Amino acid sequence: MSLVVDPAEAAAVAVSSVGAAPESEAVAWRHRHLLDVDRLSGAELELVMRTTDAMREVLARPIAKVPTLRGRQVTILFYEASTRTRVSFEVAAKNLSADVVNIAAASSSVSKGESLVDTVRTVEALGAQLLVMRHSVSGAPYLAAEVFGGSVLNGGDGWHAHPTQALLDLYTIRERLGGESQAARSRAGATTEGLLAGRKIVILGDLLHSRVARSNIWTLTASGADLWLCGPPTLLRGFEAWASRSSVAGRRFQVTTSVDEALRDADVVMALRIQRERMAEGLLPSLREYAARYGLTRERLALARPGALVMHPGPMNEGVEIAPDVAAGVQSVITDQVTNGVAVRMAVLYLLAGTQVPA
Ligand code: NCD
């Protein structure tokens, strides 16, 4: 059975009394799991965006809580460090009135050698219905999804994917480029695709180790953005080949080692953390040299369009990939990204809780 929902009424059903787009086309949310964004169509991305609009309206209420997931258990199982992703999933689930169970792998039986499959079976036997998981091994949530009876939400796996981060980034860009009136535009039928078409968006930094970048490539190309990836050649390995395969499929993006070329007239610049914990020797001469050649400084940002958005998924190495004054400057929407993360995660928890399709 799949839940057939109107792109905005979806959320309205869940949260009641939230305004909906009456004339929007009905879209079916057919996914039992959220493992990546690569299988989401443009219409499904739009559905997530509009459901998030409704969740934002819930969050603006004096009591930001709705009974949507009452009696459902959301288990958060993180095998890797996290602050914002873990906490925002927890806040999102609690805002929807779910029962939340938090497991830090370091203090669980995982540290005694329990396998991922055993752990997933155990949390299911303890009542988990929605399982939010982060793992340092790419593909681990896919394995969990094979044995888990409910829905798995990937909170980041290895270098591979970070779907909710890409969705919250898309939401933040859409909101900021659409201005204050975005919710009204949404109601009038303006789509994310229309809003991002031709907008130059740059992802700058450690692409090689970035699951955030890999998921963003799918959502931003699906939304019609003029996407550029930029970094030192050693941290761009493999992306050229992906870019040439993708343009065949109509999802274009450019790859460059030139910061000036990437930043010139950009509408959005997303800096990525240098992932020291995943960095093999020889990929970078030194952090100082990286900062000097690729760091997002005020001078470099001046190449972008006036008022271009500055983004970063966090955690930041200030003074390395981004200068402190840029991170805290007027163009920065980094805090909005964190805030929007809660609404986006409420939206996906809601959408997944409504589906009982088998795959
Ligand atoms: C990112 C992650 O963990 O993938 N952070 C996040 O979830 N907000 C990026 C990073 O670790 O650099």
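Residues numbered from 1 in each chain as written. Predicted model: local features only at pLDDT ≥ 70, side-chain atom pairs only at ≥ 80, totals over all residues.

Peer 1: Would you mind showing me how to read the overall build of the chain here?
Peer 2: Tallying secondary structure elements over the chain gives 15 helices and eleven strands in all. Split into buried and exposed, the 359 residues of the chain put 48% on the buried side. Counting contacts in the chain only where the partners sit at least 6 residues apart, residues at least 24 apart contribute 76% of the total. (Helix = DSSP H or I, 4+ residues; strand = E, 2+ residues; numbered from the N terminus. Buried ≥ 20, exposed ≤ 12 C-beta atoms within 10 Å, placed from the backbone. Contact = placed C-beta atoms within 7 Å.)

Peer 1: What is the right way to read the site of the ligand from this model?
Peer 2: Around the ligand, the structure places Arg84, Thr85, Gly156, His162, Gln165, Arg211, Val212, Arg273, Gln275, Pro313 and Gly314. Elements with a minimum of two residues in the shell around the ligand: α3 (84-95) and α9 (211-222). Residues that form the shell around the ligand fall into these classes: two nonpolar, six polar and three charged. (Near = placed C-beta within 6 Å. Nonpolar A, V, L, I, M, F, W, Y, C, P; charged D, E, K, R; others polar.)

Peer 1: Is there a simple way to think about the nonpolar core in this case?
Peer 2: Soluble globular proteins tend to pack their nonpolar side chains together in the buried interior. Membership of the largest hydrophobic core comes to 105 residues, with the highest contact counts inside it found for Leu131, Val202, Leu204, Val269, Val348 and Leu349. Here the element with the most residues in this core is helix α15 (residues 334-353); it accounts for twelve residues. There are two domains that each give this core at least three residues, and those are domain 1 (3-161 + 340-353) and domain 2 (165-334). Once residues within four sequence positions are removed from consideration, leucine 349 is found in contact with Leu69, Val74, Ala92, Ala93, Leu96 and Leu130. (Core = buried A, V, L, I, M, F, W, Y, C linked by C-beta atoms within 7 Å. Domains from an automatic or database assignment.)

Peer 1: Can you help me understand unusual backbone geometry in this one?
Peer 2: Peptide bonds are mostly trans, and most non-glycine residues show a negative phi. Note the cis peptide between glycine 314 and proline 315, where omega equals -10°. If you trace the backbone, proline 315 turns up in the loop between β11 (309-311) and α14 (324-327). One non-glycine residue, serine 97, lies in positive phi territory at about 70°. Relative to the helices and strands, serine 97 is located in the loop between α3 and β4 (99-104). The partly exposed category is assigned to serine 97, around which 15 C-beta atoms lie within 10 Å. At aspartate 265, a position not held by glycine, the phi torsion is positive, near 60°. Tracing the sequence through the fold places aspartate 265 in the loop between α11 (259-263) and β10 (268-271).

Peer 1: Mind showing me how you'd approach the environment of glycine 354 here?
Peer 2: On the secondary structure map, glycine 354 appears in the segment after α15. Take glycine 354: there are 17 C-beta atoms within 10 Å of it, and that puts it in the partly exposed class. Taking C-alpha positions, glycine 354 is 8.6 Å from tryptophan 29, a pair spaced 325 residues apart along the chain.

Peer 1: How do you make sense of the environment of tryptophan 242 when you look at a structure like this?
Peer 2: Considering the arrangement of structural elements, one finds tryptophan 242 in helix α10 (residues 239-248). On a C-alpha basis, the gap between tryptophan 242 and phenylalanine 253 in space is 9.1 Å, while along the polypeptide they are eleven residues apart.

Peer 1: Would you take a moment to explain the pairing of β10 for this structure?
Peer 2: Burial along β10 is two-sided: Val268 and Met270 facing one way and Val269 and Ala271 facing the other are all buried. Note: strand β7 (residues 200-204) against β10, four bridges, orientation parallel. Pairing of isoleucine 203 across the sheet is with methionine 270, part of β10. One ladder, built from three bridges, connects β10 with β11; its direction is parallel. What sits directly across from valine 269, in β11, is valine 310. (Pairing = 2+ DSSP bridges.)

Peer 1: Explanation requested: the packing of helix α4 (residues 116-125) against helix α5 (residues 140-147) in the structure shown.
Peer 2: The angle between the axes and the distance between the axes are what describe a pair of packed helices. The geometry of α4 relative to α5 is characterised by a closest axis approach of 9 Å and an angle of 50° between their N-to-C directions. Regarding the angle of α4 to α5, the classification is oblique. For the pair α4 and α5, the sense of crossing is right-handed. Here α4 contributes Leu116, Val117, Val120 and Arg121 to the contact with α5, which in turn contributes Ala140, Leu143, Ala144 and Val147. Considered class by class, the residues forming the contact of α4 with α5 number seven nonpolar, no polar and one charged. (Axes fitted to C-alpha atoms, helices over the stretch in contact; angles between N-to-C directions. Parallel < 35°, antiparallel > 145°, perpendicular 65-115°, else oblique. Left-handed = near helix turned anticlockwise from the far one by under 90°.)

Peer 1: What exactly am I supposed to notice about the sheet that holds strand β6 (residues 151-157) here?
Peer 2: By definition, the strands of a sheet pair up through backbone hydrogen bonds, in either a parallel or an antiparallel sense. Pairing is parallel in the open sheet, where four strands are placed in the order β4-β3-β5-β6. Since the sheet does not close on itself, it has two edges, and those belong to β4 and β6, each with one partner. Pairwise comparison of adjacent strand axes, ignoring direction, gives a mean angle of 15° for this sheet.

Peer 1: Where do I start with the sheet that holds strand β9 (residues 253-256) in this structure?
Peer 2: Strand order in the open sheet formed by five strands is β9-β8-β7-β10-β11, and the pairing between neighbours is parallel. Every interior strand has two partners, whereas the edge strands, β9 and β11, have only one. When strand polarity is set aside, the average angle formed by the axes of neighbouring strands in this sheet is 20°.

Peer 1: Looking at this structure, I do not really get α4. What am I missing?
Peer 2: Residue pairs spaced three or four apart in an α-helix point in one direction, given the helix's 3.6 residues per turn. Listed in full, the buried residues belonging to α4 are Thr119, Val120 and Val123. The buried residues of α4 occupy an angular sector of 100° when the element is viewed end-on, so they sit on one face. At the exit of α4 stands glycine 127, carrying a positive phi of roughly 110°. (Arc of directions from axis to C-beta.)

Peer 1: What am I meant to see in the environment of leucine 195 here?
Peer 2: With respect to the secondary-structure elements, leucine 195 resides in helix α8 (residues 192-196). By the C-beta count within 10 Å, which is 20 here, leucine 195 ends up buried. Distance from leucine 195 to serine 223, taken between C-alpha atoms, is 8.2 Å for residues 28 residues apart in sequence.

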